[in-house]
Structures are given as C-alpha cells and as structure tokens.
Amino acid sequence: MDGLKQNPEENSHAAVAVMLRPVENDLEIFLVKRAEVPGDPWSGDMAFPGGKKVVHDRTLLETVTREVWEETKIRLIGREVLGYLRPINSWVKEEMKVQPVIYRFDEKPDYILNYELTKAVWVPLKELEKTRQDAKVKGWETQIFKYNDDVVWGLTYRMIERILEILKS
C-alpha cells in the first residue's frame, strides 16, 4: 500500500493493530468493542485492538504484539506488516500518541476476547465508508461510521479515514 510509512514512530505511547483481510473487491478490517468501564475514556468504543506501551516493551511492535495477544489471543508474530500510518493523537487525552500498525491477514484468525473487550467483528471497508455521518458522541460533534448498531468514531474513525485516503491514491 503506497502512502504507508516503513517504520513506526517509537516515541508513540501506544500501538494498535489494523488487521486487513482482502475479500472480493474489498478489504475487511478487524474491530473490537471495548468493555464499559467507569472512568475509561474509551469505554464501550469500537476500536482496533492494541494498547499502551509498557516499560518492558522495547519496541512498538512488541507493544502491539503483546496487547493484541492479551486482548484477543491473535498471534501477530510472523504476520506480514504492510507498514505504518502516521501516529494519531487522542482528542480525549491529547498527550496520548497512538501508532497504527497495518497487518495483512489472508484468513480470519480464531480469537478469544479477554475481559477488556465485549465484541469483535470483521467489517467490509466499502460498506463502512457508506455509513459516514455526523453525530454527537460523548459530547463531541464529529463524523462517525455506523456499522449495524456500533459507532466508530474518534481515533479509530480517523485511522480508517487515512486508510481510505491511501487506498484511493
């Protein structure tokens, strides 16, 4: 995919796995729904799996590999990394910079969700793009994607928008 960076920005605070799977004339992305947790700004949000870098993570690839394994039991080791999007800062926690790592999957891997997640779904990008709309989410006036009853907004929305821009270029 042209437009992707070849190296992560290691000064990012977190990393997420953008898992892409080619399907008939489209790509699917893997999204998870975060559990409802009081005080968590991302509580109940649709997101890419991943999380914060911790002191023993030497690289962001270690971070995303560890986090995705902890959350879904999906192994990223040995998977093809297509590249990296530019890191994105959170609106909710402006100091939080998140590095998206783009992975290619040819099949749907088995997964087991941990307590941090309540749902996982493979979403066709073309179908998702058609659902773009304005909405108010958690006090923010913003654009969203709506997939079935789930709202994709914020960081995840902005990451998907970048992917769609790259695919069109």
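Residues numbered from 1 in each chain as written. Predicted model: local features only at pLDDT ≥ 70, side-chain atom pairs only at ≥ 80, totals over all residues. Heavy atoms only, no water.

Turning our eyes to something else, we now look at the packing of aromatic side chains. For the coordinates displayed, the defined rule picks out four aromatic pairs. Plain terms: the ring middles of phenylalanine 30 and tyrosine 111 are 5.5 Å apart, the flat faces sit at 65° to each other, and that makes the pair edge-to-face. Here phenylalanine 30, found in strand β2 (residues 26–34), pairs with tyrosine 111, found in the loop between β7 (97–104) and β8 (117–124); they are 81 residues apart in sequence, far enough to count as distant. Since its relative accessible area comes to 1%, phenylalanine 30 is described here as buried. The class for tyrosine 111 is partly exposed, based on a relative accessible area of 36%. On the numbers, 5.2 Å between centres and 55° between planes, the contact of phenylalanine 30 with tryptophan 122 is tilted. Taken together, the residues phenylalanine 30 in strand β2 and tryptophan 122 in strand β8 connect sequence positions 92 residues apart. By way of ring pairs, the aromatic residues Phe30, Phe105, Tyr111 and Trp122 are connected into one cluster. It is arginine 21 that lies over the ring of tryptophan 122; its NZ or CZ is 6.0 Å from the centre. The ring of tryptophan 69 is capped by arginine 75, whose NZ or CZ atom sits 4.3 Å from the centre of that ring. (Phe/Tyr/Trp six-rings, centres within 6.5 Å; stacked < 30°, edge-to-face > 60°. Helix = DSSP H or I, 4+ residues; strand = E, 2+ residues; numbered from the N terminus. Buried < 20%, exposed > 50% of the residue type's maximum accessible area, 1.4 Å probe, protein only. Lys NZ or Arg CZ within 6 Å of the ring centre and 35° of its normal.)

On inspection of all chains with the given rule, the structure shows 18 salt bridges. Note that lysine 33 and aspartate 150 form a salt bridge whose closest N and O atoms lie 3.2 Å from each other. One end of the pair, lysine 33, is in strand β2; the other, aspartate 150, is in strand β11 (residues 150–152), with 117 residues separating them in the sequence. A salt bridge links glutamate 129 to arginine 132; its shortest N-O distance comes to 3.9 Å. A residue is classified by how much of its surface remains accessible, and arginine 132, at 31% relative accessible area, is partly exposed. One network of salt bridges, with partners in common, ties together Asp57, Arg66, Glu67 and Glu70. (Salt bridge = Lys/Arg side-chain N within 4 Å of Asp/Glu carboxyl O.)

To continue, consider the sheet that holds β11. Where strands meet in a sheet, backbone hydrogen bonds hold them as pairs that are either parallel or antiparallel. Strand order in the open sheet formed by three strands is β9-β10-β11, and the pairing between neighbours is antiparallel. Only two strands of the sheet have a single partner each, and these edge strands are β9 (133–137) and β11. Adjacent strand axes in the sheet meet at a mean angle of 60°, parallel and antiparallel pairs treated alike. Pairing geometry for strand β10 (residues 140–147) and β11, over three bridges, is antiparallel. Looking at the pairing, phenylalanine 145 lines up with valine 152 of β11. This element, helix α3 (residues 154–168), spans β10 and β11 of the sheet and lies at about 65° to β10. (Pairing = 2+ DSSP bridges. Axes fitted to C-alpha atoms, helices over the stretch in contact; angles between N-to-C directions. Contact = heavy atoms within 4.5 Å.)

By themselves these figures say nothing about function.
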